[in-house]
Amino acid sequence: MIPHTSPGLLQKSRYTYQSCAHGLRTILPASQRRSITQNYIKKTLEAKIAWARQATDIKAGTKESMLTMLEKRGYVNQIVGERDDLDRLLTEKRVGVYVGVDPTAPSMHVGHLLPLMVLYWMYIHGFHACSLLGGTTAQIGDPIGRTTTREKQHSSVRKVNMLKIHMQLKSIWAHVEHSARGYGYNWEWAWKREVTNNNAWLNKLPALELLKLLGSGVRLGTMLGRDTVKTRMDSKEGMSFSEFTYPLLQSWDWWHMYSTKDIQVQVGGSDQFGNILAGIDAINHIRHNHYDPLIRQDEQKFEEREAFLKRPMGFTVPILTTSSGVKFGKSEGNAIWLDREITSGFDLYQFFLRTADSDVHRYLKLFTFEPLEDLETIMEEHNKAPSKRIAQHKLAHEVLKLVHGETLANEAKQEHSRIFNKSFATNPQTDDDGNQSADYVNKAAPFSNNDNAPTQSLILPKSLIYNQSMHHVLYHAGLVASRSEGYRLVSKGGAYLGARPGGTGTMGEQVDYSPAAHWNGEETEKYIIGDNTLIIRVGKWKVKVIKIISDEEFEEKGLSAPGWKEDKPEERITTDIKSMKTWYSKKYVAKAPIHQKRPQRGSDVEPA
Ligand SMILES: N[C@@H](Cc1ccc(O)cc1)C(=O)O
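What counts, and at which threshold
Residues numbered from 1 in each chain as written. Predicted model: local features only at pLDDT ≥ 70, side-chain atom pairs only at ≥ 80, totals over all residues. Heavy atoms only, no water. Phe/Tyr/Trp six-rings, centres within 6.5 Å; stacked < 30°, edge-to-face > 60°. Helix = DSSP H or I, 4+ residues; strand = E, 2+ residues; numbered from the N terminus. Buried < 20%, exposed > 50% of the residue type's maximum accessible area, 1.4 Å probe, protein only. Pairing = 2+ DSSP bridges. Contact = heavy atoms within 4.5 Å. Axes fitted to C-alpha atoms, helices over the stretch in contact; angles between N-to-C directions. Patch = residues over 30% accessible without salt bridge, like charges linked within 9 Å, V, L, I, M, F, W, Y side chains within 5 Å. Areas by Shrake-Rupley, 256 points an atom, 1.4 Å probe, with all protein chains shown as cover. Salt bridge = Lys/Arg side-chain N within 4 Å of Asp/Glu carboxyl O. Arc of directions from axis to C-beta. Lys, Arg positive; Asp, Glu negative; His and termini not counted. Charge placed at Lys NZ, Arg CZ, Asp CG, Glu CD. Near = heavy atom within 4 Å. Polar contact = N/O pair within 3.5 Å; in protein donor to acceptor, adjacent residues only side chain to side chain. Nonpolar A, V, L, I, M, F, W, Y, C, P; charged D, E, K, R; others polar.

Caption draft 1: Looking closely at the packing of aromatic side chains. One pass over the full model with this rule turns up 19 aromatic pairs. Pairing Trp 51 with Phe 127 gives two aromatic rings, centres 5.0 Å apart and planes at 85°, and the pair type is edge-to-face. Here Trp 51, found in helix 1 (residues 38–60), pairs with Phe 127, found in the loop between helix 4 (113–123) and strand 6 (128–133); they are 76 residues apart in sequence, far enough to count as distant. Trp 51 gets classed as buried once you look at its relative accessible area, which sits at 7%. Taken together, the ring pairs in this structure connect Phe 328, Phe 351, Phe 352, Tyr 363 and Phe 367 into an aromatic cluster.

Caption draft 2: Structural view of the sheet that holds strand 5 (residues 96–101). A sheet is described by the order of its strands in space; here six strands give the open sequence 4-9-8-5-6-7, paired in mixed fashion. In this open sheet, the two edge strands, each paired with only one partner strand, are strand 4 (79–80) and strand 7 (192–197). Note that strand 5 and strand 8 (residues 263–268) share three bridges and pair parallel. When the sheet's bridge partners are listed, Tyr 98 is paired in strand 8 with Gln 266. The sheet strands contacting helix 13 (residues 273–289) are strand 4, strand 8 and strand 9 (313–316), and the helix crosses strand 9 at an angle near 175°.

Caption draft 3: Spotlight on a nonpolar patch on the surface. Judged by side-chain polarity, Leu 220, Leu 224 and Met 233 come together as a nonpolar surface patch covering roughly 300 Å² of accessible area. Inspection of the secondary structure puts Leu 224 in helix 9 (residues 220–224). By relative accessible area, Leu 224 is classed as partly exposed at 39%.

Caption draft 4: Region of the structure containing unusual backbone geometry. A positive phi angle, close to 65°, is found at Asp 262, a residue other than glycine. Mapped onto the elements of the fold, Asp 262 is located in the loop between helix 12 (246–261) and strand 8. What makes Asp 262 buried here is its relative accessible area of 14%. Of note, the phi angle at Asn 467 is positive, near 60°, even though the residue is not glycine.

Caption draft 5: Helix 10 (residues 227–234), seen in detail. Those residues of helix 10 that sit buried are Thr 228, Val 229 and Arg 232. The arc that holds every buried residue of helix 10, seen down its axis, measures 95°, which confines them to one face. Summarising the geometry of helix 10, the exposed residues directed more than 90 degrees from the buried face are Asp 227 and Asp 234.

Caption draft 6: Geometry of the environment of Met 122. By the secondary structure assignment, Met 122 is in helix 4. In the structure, Met 122 is positioned 28 residues away from Arg 94 in sequence and 9.8 Å away in space, judged by C-alpha atoms. Leave out the neighbours within four places in its chain, and Met 122 touches Met 66, Leu 70, Leu 90, Val 97 and Phe 127.

Caption draft 7: Structural context of a negative patch on the surface. A grouping of Glu 373, Asp 374, Glu 376 and Glu 380 is seen on the molecular surface, where their side chains present a negatively charged patch. Here Glu 373 shows up in helix 17 (residues 372–384). For Glu 373, a relative accessible area of 55% puts it in the exposed group.

Caption draft 8: Layout of the site of the ligand. Taken together, the residues surrounding the ligand are Tyr 98, Gly 100, Asp 102, Leu 132, Thr 137, Asp 142, Tyr 246, Gln 250, Asp 253, Gln 266 and Gln 272. Here a nitrogen atom of the ligand and a side-chain polar atom of Tyr 246 are 2.8 Å apart. Those elements that provide at least two residues to the shell around the ligand are strand 5 and helix 12. Of the residues assigned to the shell around the ligand, the class counts are three nonpolar, five polar and three charged.

Caption draft 9: A look at the pairing of strand 9. Taking every second residue as pointing to the same face, both faces of strand 9 are buried, with Met 313 and Phe 315 on one and Gly 314 and Thr 316 on the other. Across two bridges, the pairing between strand 4 and strand 9 is antiparallel. Within the sheet, the bridge partner assigned to Val 80 lies in strand 9 and is Gly 314. Here strand 8 pairs with strand 9 via four bridges, running parallel. The residue of strand 9 that forms the bridge with Gln 266 is Gly 314.

Following this line, the structure appears as structure tokens:
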């Protein structure tokens, strides 16, 4: 059996000491102890030998180092510390690396892709790569680069954002593996990737633990000297203590992952240098001064190499501006989002297609897995007839493959050529928040696999949710083609609701799912979060975040959804009765006479 975390378990009385490669030992309670098999030990050893061989080749100059490769492609801006130290660390040790994203909006934007690409590259070169969702840090908000405090978000908004970005990170990971395979990077046993959320540890971190272990090493002078702090202190608004301490929380994340998962390297956006530096200082302070002798590292006792291989290190990616000086990802004042409900796949394709000739080679290096030599060939082709935009098409297609998957990437490409043949544009119905009507979402994206079923937001009117059985709700949300299909799905236990039942409609910090059942309509209502949001999941990937508005507003916006203003209630009832047999009692039929039109709420049209 595979152990719960990294290798090196050693039994001792009631506890298991897990020795991480950096020498720290975490005590696992008996409930989390797992045994390891001979096979696991063998594979671990093989992976170590392979790494050592590779290091020898790199040192002999017959193989390129990870850092050199990243530098050649333009990913490295500022290294926190010495370049050669980082190069040596990445060469000699299969370290863990992480990139954090705070879910302060419902989607990541193209700017997030850059540090994540480093993570993806390192993953396909055998490193343990972790994308961290800042579920807790997002509640404070990184003050870097901000002149004002972030507005407080309603907890339902925050949780929906967290859910959406979590799904985004997960589905991009699946696409990374697929894309990389196309370039000959085949999965190996030692590769490891994960999406984790800092609410798992920060929410139960005692304040005293943070102050004692980390706070004792943080110098006020250093904190006060940071540009963000100085600017904010000089402003009228000033700065809150919570924002001031944001870097401490980010540092704790790293310390937590350093000590439990061997995550020794942090990569961040161009503005993250200060936070990464603070994290390195914090980890060094804690590991050298920890009160627990099992965790404390006494460097004097280590040999030079051993001490070196325990050091935390990090770097930032460059800030991207187009050759005309515009910040990358901003198009006419709007950010380009990775959620296709906000920036459609077609628009994302168009964004990359508009890349200037002077930028396209650089972007191809940054946003694709295409080998540099092949990029040279593509550029040569491109330069023969720049107006054909060969390089831009390659770029747009590769980015779409990464973000939305191959099927959608191909569709966006086809849609582009259709538009250039005929002149038409899709103009989805959206409201001010970028939500689309169920009809549009369903037509635009028939579900078949995870690629075309990312998190979807849609609006539904109250009457299609309240007092409705689950199979009806599933149908109205476009998650199933008919109510009877919905009925079968609920019977199989294949539909879930986000949040916990219990009248309050709140949920924990993680989005929890409970299986839906054939309960009566009022039960569904208990899962509504903050009065207006319902999250439904079908199977593993289809998640819909439903914003509930009044019927009047739905009507006013001209939106539509399956089952809205249904004109043929008799058909609906016949199919329902057929498939549901006993479930639909005579009572229901009596309540909704067959030839009766559904009365419109708020309208003065009486049923015939
Ligand atoms: N502060 C980072 C996000 C982040 C959050 C938590 C971390 O541990 C790391 C990074 C940003 O704003 O981009």
